[in-house]
Each structure stands twice: as C-alpha cells, then as structure tokens.
Amino acid sequence: MQIRADLHTHSIGEETFGPRAESLLARHLEAAVEVGLDCIAVSDHNDLRPGLLAREYAVRHGLPILVLPGMELTTQERVHLVAVGLEQQIEAWQPLADTIARIREVAAISVLPHPFFAHLRARTDVDAMERFNAQYGDFDLDGTLVAHVANSDSHSADDLRRSTHYTLIEVTTRSWDAVADAIRARRTTPV
Ligand SMILES: [Zn+2]
Ligand SMILES: [Zn+2]
C-alpha cells in the first residue's frame, strides 16, 4: 500500500521548546490529520524534544497518524540536514559528512532538504533528497541516486494546510521500520 508522508516539518516553528510546545504541536498534528497525511516527521531545528513529545501526544490521543521524531540539524558548513526516526538527540554544528554517518549509525534516515547547490545534489551518502520543498520550490534531481521526496517544511499548522507537497511511500505496514526500509529502497514518489 501507499501512504502519504511529510518527512520535514517544524511543530513549534521558530519558538524554543517550552510550556507552549504541547499546544503548538497538538495543532500541528491536527492539521496533519486533516490534510490526510498518514505519516509525519516532526523535525524541529536542532532539538529532538518536540518530536518525542509529538509522538507521545499522538499515541496518548489515539491520532490516526504515524509520528516520527526527528531534527533538522544545522551542520558546521551551515548546510541543513533532516534526521528522521531518532530516539536520541544528535549533536548539531558538526561536519555534514560526520552528521550523515552518525544518523546512519543510529539507524535513522537522513534527508537532505532544499538542496540549493549542485555539490549537495551530487551526494550519494544520504538516504533521501528533497525534489520539492513547499517553502523553497523545486530542485532538479536528475541523475540522483537517492530517494526523492517532497515535503512541506511547514513552520506552523497553517503552513501544513497550505502545502500541496507530500511523499507517497510504498510500504507493507504503517510502521517506522516499514517506512525506513521503503526509503532506503527508494520506494518513494514526490508529489
Ligand atoms: Zn532548512
Ligand atoms: Zn526546515
């Protein structure tokens, strides 16, 4: 079966994690369910806490969506890198290649978001790359050897509602393991 996934979203936007986080991520997840997503990565900037809380919130409220905790990491080169499926925080501001390796070590998935430069689009060590990003547009991934994805990069529930982008993922079950396997096998269609 195919599920609709958004692998790069920010639940607390530009805010820092605090008392408002739960209500912000609750609105974020409600919007995700409303627009018909089956799976969402909550990948706030350099902080895994919103992602972990979002997953716990979805389970506690019986929301019909698979929440994958993640982070959008800023690397030493100032290049962004999204990690999906984390259980523990990964250190930001490290070299890009080391960060990609670290994500692989902990069996998470690396997604290169908004790949503005050709040298980034030529990388083969990430698991996936954004073909479409609802905030930054389209990227020409001709010849890319990694999975192609489309994400909202939403910083609010309203962004999520406005986004027309998502990724279809061919899976056997709606689970983190199935999603990770499918991305590694490039069974993704960016929409
Ligand atoms: Zn970014
Ligand atoms: Zn982002």
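Refer to the structure above for everything that follows.
Keep in mind that what you see is a predicted model, and the values were worked out from it rather than measured. (Residues numbered from 1 in each chain as written. Chains lettered and ligands numbered in written order. Predicted model: local features only at pLDDT ≥ 70, side-chain atom pairs only at ≥ 80, totals over all residues.)

Things to note about helix H3 (residues 96-105)
Where H3 is concerned, the buried positions are Leu-96, Thr-99, Ile-100 and Ile-103. Each buried residue of H3 lies within a common arc of 100 degrees when the element is viewed along its axis, so the set occupies one face. Those residues of H3 that are exposed and angled more than 90 degrees off the buried face are Asp-98 and Glu-105. Of the surrounding elements, those touching the buried residues of H3 are strand E3 (66-74), strand E4 (80-84) and strand E5 (109-112). (Buried ≥ 20, exposed ≤ 12 C-beta atoms within 10 Å, placed from the backbone. Helix = DSSP H or I, 4+ residues; strand = E, 2+ residues; numbered from the N terminus. Arc of directions from axis to C-beta. Contact = placed C-beta atoms within 7 Å.)

Section: the environment of Ile-12
Checked against the element boundaries, Ile-12 lands in the loop between strand E1 (2-9) and helix H1 (21-34). C-alpha of Ile-12 to C-alpha of His-155: the two residues are 143 residues apart in sequence and 6.9 Å apart in space. Filtering out sequence-adjacent residues up to four positions away, Ile-12 remains in contact with Phe-17, Ala-21, Leu-24, Leu-25, Asp-44 and Pro-50.

Examining unusual backbone geometry
Although it is not a glycine, Asp-153 adopts a positive phi angle of roughly 50 degrees. Not every positive phi belongs to a glycine, and Arg-186 is a case in point at roughly 60 degrees. Positionally, Arg-186 belongs in the loop between helix H6 (176-184) and strand E10 (188-190). Assessed through the 15 C-beta atoms surrounding it within 10 Å, Arg-186 is described here as partly exposed.

Some thoughts on the pairing of strand E8 (residues 147-151)
Where burial is concerned, most of E8 is hidden: four out of the five residues are buried. Of the strand pairs in this sheet, strand E6 (residues 128-133) and E8 are connected by five bridges, and their pairing is parallel. Counted as the bridge partner of Met-129 is His-148 from E8. (Pairing = 2+ DSSP bridges.)

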